[in-house]
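What follows is each chain in one-letter form.
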Amino acid sequence: MQLQVARIGKPHGIRGEVTVQVLTDAPEDRFVPGTEFVVEPASAGPLTVNSARWNKDILLLGFDGIDTRNDAETLRGAKLFIETEELDEDDDEGWYEHELVGLEARVGSRVVGKVAALNTMPVQDLLLVKTPEGEEILIPFVEQIVPEVNVEEGFILLTPPDGLFELNLDQDAAPETEGKA
């Protein structure tokens, strides 16, 4: 099984570097020169890191054979993966997206949806929960709101604050009164 660790963004400069959205807790271990990534789409890879540096809060990577801005542009949107055999199985600090996607989201014993994605953000991670009605709700992935993750039994337990599930609803249904007399 493969684990996504990054998504390539836009080119940076003229020498083939790209920005990346980091999806791992250990970028200093994952993005070192010589590391080879499986790439999606497969036509863009595999890619081997030849340089990695931080520019403020943005990770910039250079890859073997990607020497110009035009080369780098062809990588935009590509996803970088590692083989899960490389993962440290003793890490009990958190969960990977592939472990969470598909789990039932429960409030008490009531099923309110399924986890569709894990959005890794700078401040806190967000779970994307899809309700049976097809609505997508973003849930802060913090212990106060998600006190239990039970991968073995296939669920997460939620203790959402009032209004969390209604927060994302009806925003597009606002009355169109602007510009009408």
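Since this is a predicted model, take the numbers as computed values, not measurements.

1. A short note on the overall build of the protein
Thought 1: Helices and strands together make up the secondary structure of the protein, namely four helices and twelve strands.
Thought 2: Split into buried and exposed, the 181 residues of the protein put 35% on the buried side.
Thought 3: Expressed as a percentage of contacts within the protein between residues at least 6 apart in sequence, the contacts between residues at least 24 apart total 47%.
Thought 4: For the protein, the exposed surface amounts to about 11,500 Å²; the carbon and sulfur share of it is 47%.

2. Re the sheet that holds strand β2 (residues 17-22)
In any sheet, the strands associate via hydrogen bonds between backbone groups, in a parallel or an antiparallel arrangement.
Thought 1: Strand order around the closed barrel formed by six strands is β1-β2-β5-β4-β3-β6, with antiparallel pairing between neighbours. Neighbour-to-neighbour, the strand axes of the sheet open up by a mean angle of 50 degrees, direction not taken into account.
Thought 2: One ladder, built from five bridges, connects strand β1 (residues 2-12) with strand β6 (residues 79-83); its direction is antiparallel. Looking at the pairing, A6 lines up with L80 of β6.

3. Quick word on the pairing of strand β5 (residues 58-63)
Thought 1: Buried residues dominate β5, accounting for five of its six residues.
Thought 2: Pairing of β2 with β5, which is carried by three bridges, proceeds in the antiparallel orientation. What sits directly across from T19, in β5, is L60.
Thought 3: Where strand β4 (residues 47-55) meets β5, six bridges bridge the pair, whose relative direction is antiparallel. Bridged to A52 within β5 is L61.
Thought 4: The antiparallel hairpin formed by β4 and β5 contains two residues in its connecting segment, where K56 sits at a positive phi of about 60 degrees.

4. Overview of the environment of G102
Thought 1: Inspection of the secondary structure puts G102 in the loop between α3 (97-100) and β7 (104-107).
Thought 2: By relative accessible area, which is 39% here, G102 ends up partly exposed.
Thought 3: Residues G102 and A117, spaced 15 residues apart in sequence, show a C-alpha to C-alpha distance of 8.6 Å.
Thought 4: Beyond its immediate stretch of four places on either side in the chain, G102 contacts K114 and V115.

5. As for the pattern of salt bridges
Thought 1: Inspection of every chain in the model, using the stated rule, returns four salt bridges.
Thought 2: The shortest N-O distance in the salt bridge between R76 and E73 comes to 2.8 Å.
Thought 3: A residue is classified by how much of its surface remains accessible, and R76, at 46% relative accessible area, is partly exposed.
Thought 4: We classify E73 as partly exposed; its relative accessible area is 36%.
Thought 5: Measuring nitrogen to oxygen at the nearest pair gives 3.1 Å for the salt bridge that ties R106 to E104.

6. Focus: the nonpolar core
Across soluble globular proteins, nonpolar side chains show a tendency to be buried alongside one another.
Thought 1: By size, the foremost hydrophobic cluster in this structure holds 21 residues, and its most contacted members are I8, F37, L47, L61, F63 and L80.
Thought 2: For this core, the secondary-structure elements that each account for two or more residues are β1, β2, β3 (36-40), β4, β5 and β6.
Thought 3: The greatest single-element share of this core, amounting to four residues, is contributed by β1.
Thought 4: With residues up to four places along the chain from it excluded, the contact list for L61 reads G16, E17, V18, V20, F31, V49, S51, A52 and L80.
Thought 5: Grouped together as the second largest cluster of nonpolar side chains are 18 residues, L103, V112, I139 and I145 included.

Thresholds, definitions, all that
Residues numbered from 1 in each chain as written. Predicted model: local features only at pLDDT ≥ 70, side-chain atom pairs only at ≥ 80, totals over all residues. Heavy atoms only, no water. Helix = DSSP H or I, 4+ residues; strand = E, 2+ residues; numbered from the N terminus. Buried < 20%, exposed > 50% of the residue type's maximum accessible area, 1.4 Å probe, protein only. Contact = heavy atoms within 4.5 Å. Areas by Shrake-Rupley, 256 points an atom, 1.4 Å probe, with all protein chains shown as cover. Pairing = 2+ DSSP bridges. Axes fitted to C-alpha atoms, helices over the stretch in contact; angles between N-to-C directions. Salt bridge = Lys/Arg side-chain N within 4 Å of Asp/Glu carboxyl O. Core = buried A, V, L, I, M, F, W, Y, C linked by side-chain atoms within 4.5 Å.

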